[in-house]
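Listed here are the chains, written in short residue letters.
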Amino acid sequence: MYLKLLKNDLKKNPGKHLILLLFMSLSVTLAVSVFLMLVKVFTSISSMYETANPPHFLQMHKGEIVEEDIDAFNRSYPGAVHWQNVPMIDVYGDTLTVLKKEDSKEYSLEDCRIDISLVKQNDTYDVLLDEERNTLNIKQGEIGVPVILLEQYPIEKGDEIVLKTENVEKHFAVTEYVYDGQMNSTMCSSTRFLISEEDFTELFGKTGEIEYLIEVYFQDPKMAADYQNAYEQSEKNLPKEGQAVTYTLIFLLSALTDIMTAIVFFLVGILLIVIAMISLRYTILAKMEEDIKEIGTMKAMGIPQRGIGNLYLGEIRILMGIGCVTGYAAALPAVAFLSDHMSRTFGKCKTEPGVYIAAAGISTLVYGIILLFTRKVLGRLRKVTVVDILVTERGFGKERKAKSSIHTARRLPTNFLIAIQEGKNGYGIIFSLLLIVTMLVTIPYRMVQTMEDKEFSTYMGSAICDVMIEIEKGEGLQERKEAAETLLCREKEAGYVADFTVLQRVRLQAKDSEGKMQGIHIDTGNEAGKGIQYLWGKEPVQETELALSVLMAEELGKEEGDTITIVRNGKAQEFSISGVYQDVTSGGRTAKAVCDFPDMEAEQYAFLVHYGKMAEREKQIVIWREQLGSGCVVENMEEFIGQTLGGVTAQLRQASNAAFVIGICLIAMIILLFMQLRIVREGRTLATKKAIGISFWDIRRQELYPILLAGALGVVMGMILTGTVGDKAISVIFAMTGLGLKQIKFAAMPLYMYVFIPFLLLAMLTFVTEISLRKIRTMPVAEYFSE
């Protein structure tokens, strides 16, 4: 019976059913896609980790190590089941040149801001894989290129890479792409090229700098944090001149890019379901208004409300069933497209059959949600009686007294006043649509814009600057620091540098709230802590004050105003916590102080440089790199942020573009649905206007004005909500990642975007409405008065 009713309804008005079906399909598609994407992220990483075996704890160290001390400590530590010290040869991008096989063109990797290392394959733990997740075997003279560099450099198999330094010139043939379970994100700031053991032995100690990865595995990966504390407090002064990373952070950095993409589509899916429900409610009420006499007759005949409601519910069930099946089927190729980045980063991964069964469960959940909502809308059948329908002709909408105000506003155009008078009811769907679509389009755009902005460095524990020069730990640290300071002082006198700040990083011990010792990186200097984002409090001013990163404060159990004990050379010193800031560097666990700790050896120095009157700034950075030489990293901050967050922002930009397309399509579909239903619902009124001689152009304006007004109000409100609560929603998402970001404020949007986005959305709204209004011109007036 329901199929027969649906067929008859489709003959009368196929447009609204097709649009509703499309909405339901899209809702299910996005819901299933997000679920499958999240599952694929975690299964891809887990599957890769099963083969690659990344470490549970990793301590990077530049310089020589005493392996006997490390082995003795690990043997004595309960829970450590395996450990290894992996040697690497660190080289700079300008020493690597790529020769293309096709056209013999060449380019260097000098603009690569990610630390590059040459390594040999490990035996069982922390192995490097191919696309099929098999252990890579590289022959002599060959090299494997990390896949994360392929987005920046078009390196192909068969190309040649030349390593050329003062002492060595070595040619390698690119034969494989490396899938690294540990360093597979640009946020890791490091990457590994794989060469053969023979080539590694030949180059080791002859070129580049030696760095070790001290890797440890436990019975339970959660033991890594306690191990780190014990390692840093060891009496043997174990090597720790570099970053320490735990398994949890490695996993987060690996998954962050794709999780952020999934979250964007999750928000899009929720908004889409909300819009589908609004559209469904409007459609049902319009259909009930159209069938009001039939409904009154059925009620007079004694047919119960449930029986009448089932007539409408049956059609929705059929449409929802088709929508769920269509949406589920569409989700599979959609996931393949959206998860392309996953395949490029983690290699090929098979999805278990159980995942598809669970995805079908998600489709059923969406089906149930919309069905419950439909029952609630149909509940209005109870609120009207036979007398209301057949005698007073009261409908299912809210009754409002008609108050005409046309005579009080004679200066406004008559068509506008008539439109406002007749359009007081029923346009909430247009307002809601434009509000939601505006947020849908604007929030992802502003997130990408914020992450690409130079001020995002303040979320990375660094004040805003044009160039950062880092003096890395190693031999001649003080001499290199003095050389950089001399260079910048000379450039300042010449006017090329307006100002610069020097920060020194030291590694000390801090007591947490339970009295346990933890290692802590502290940036010191007169300007330390200034110009960064604080969640609570302010930068340190006195020598007895200290600012903590939010993750460090959480680990230590400290808050603003608390006292913290810092231990250096066995002596304890009390500091007051002046503030808590955000930082994603060094695992998000750092501190700032103006006290310079003169008796402590520096880990590194950083110069924050502001340009002066330079004309060719990029060329000047190249000159500084040449003058300072190896051991000094000179970074353009915008490029550094772009490369560090490049993978994340690229995926977010893709999601933002998809959200924009979805938003435009939503406007087109819902306006077509709305206008079709409105013309059916208000057909007699429109026919009456035509019959008494009102021109089509006047009727057109009377229909267009209220839609544009409701749409404009929705766009304005959407822009306001994006600016007031959009960044708060994104902050919640980032806080969940545990990367050290708790609160993000959107960067200021360019003024032209405040015009461009509303113009584009309202132009689409006007265009679709104009197309829909053409139906009024050909309306058969006589049919409405034939009864």
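Look above for the structure.
Remember, it's a predicted structure, so these values are computed and weren't measured experimentally.

About the cut-offs
Here, residues in each chain are numbered from 1, in the same order as that chain's written sequence. Restriction of local features to residues with pLDDT of at least 70 applies here, the model being predicted, together with a cutoff of 80 or more for giving and counting side-chain atom pairs; totals for whole chains, interfaces and linings are based on all residues. Derived side-chain values reflect all non-hydrogen atoms in the structure, with water molecules and hydrogen atoms excluded from consideration. Numbering of helices and strands runs from the N terminus, with a helix taken as a DSSP run of H or I at least four residues long and a strand as a DSSP run of E at least two residues long. Buried, partly exposed and exposed residues are distinguished by accessible area as a fraction of the type maximum, computed with a 1.4 Å probe on protein chains only: under 20%, between the cut-offs, and over 50%, respectively. Whether two residues are in contact is decided by their heavy atoms, any of which lying within 4.5 Å being enough. The Shrake-Rupley method, run with a 1.4 Å probe, gives the accessible areas here. Residue values count only the displayed protein chains as cover. Only strands joined by at least two bridges in the DSSP assignment are considered to pair. Axis lines are fitted through C-alpha atoms, for helices just across the contact stretch, and the angle between N-to-C directions can take any value from 0 to 180 degrees. Stacked, tilted and edge-to-face pairs are distinguished by plane angle, under 30 degrees for stacked and over 60 for edge-to-face with tilted covering the rest, among Phe, Tyr and Trp rings (Trp via its six-membered ring) whose centres lie within 6.5 Å. A ring has a charge above it when a Lys NZ or an Arg CZ is no more than 6 Å from the ring centre and no more than 35 degrees off the ring normal. A pair is scored as a salt bridge if a Lys or Arg side-chain nitrogen falls within 4 Å of a carboxyl oxygen belonging to Asp or Glu.

Caption draft 1: Here's a closer look at the overall build of the chain. What the chain contains, in helices and strands, is 21 helices and 21 strands. Relative to its 787 residues, the chain shows a buried fraction of 53%. Sequence-distant contacts in the chain: of pairs separated by 6 or more residues, those separated by 24 or more amount to 82%. Surface exposure of the chain reaches about 35,500 Å², of which carbon and sulfur atoms provide 56%.

Caption draft 2: Region of interest: the sheet that holds strand 11 (residues 244-246). The 11 strands are arranged 4-3-7-8-6-9-5-2-10-1-11 in an open sheet whose pairing can be described as mixed. The open sheet has two edge strands with one neighbour each: strand 4 (106-108) and strand 11. This sheet shows a mean twist of 30° between the axes of neighbouring strands, independent of strand direction. Pairing of strand 2 (residues 80-91) with strand 5 (residues 115-119) involves three bridges; the strand directions are antiparallel. Across the sheet, Asp90 pairs through a bridge with Ser117, a residue of strand 5.

Caption draft 3: Expanded view of the packing of aromatic side chains. The full count for this structure, using the stated rule, is 15 aromatic pairs. Aromatic ring contacts, followed pair by pair, group Phe57, Phe73, Tyr77, Phe218, Tyr227 and Tyr231 into a single cluster. Taking the ring centre of Tyr605 as reference, the NZ or CZ of Lys481 above it sits at 5.3 Å.

Caption draft 4: Here's a closer look at the pattern of salt bridges. What the rule picks out here adds up to 18 salt bridges. For Asp523, the salt bridge goes to Arg505, with nearest N and O atoms at 2.8 Å. Residue Asp523 is found in strand 14 (residues 517-524), and its partner Arg505 is found in strand 13 (residues 497-511); the two are separated by 18 residues along the sequence. Under the relative-accessibility criterion, Asp523 is labelled buried at 8%. Judged by its relative accessible area of 11%, Arg505 is buried.

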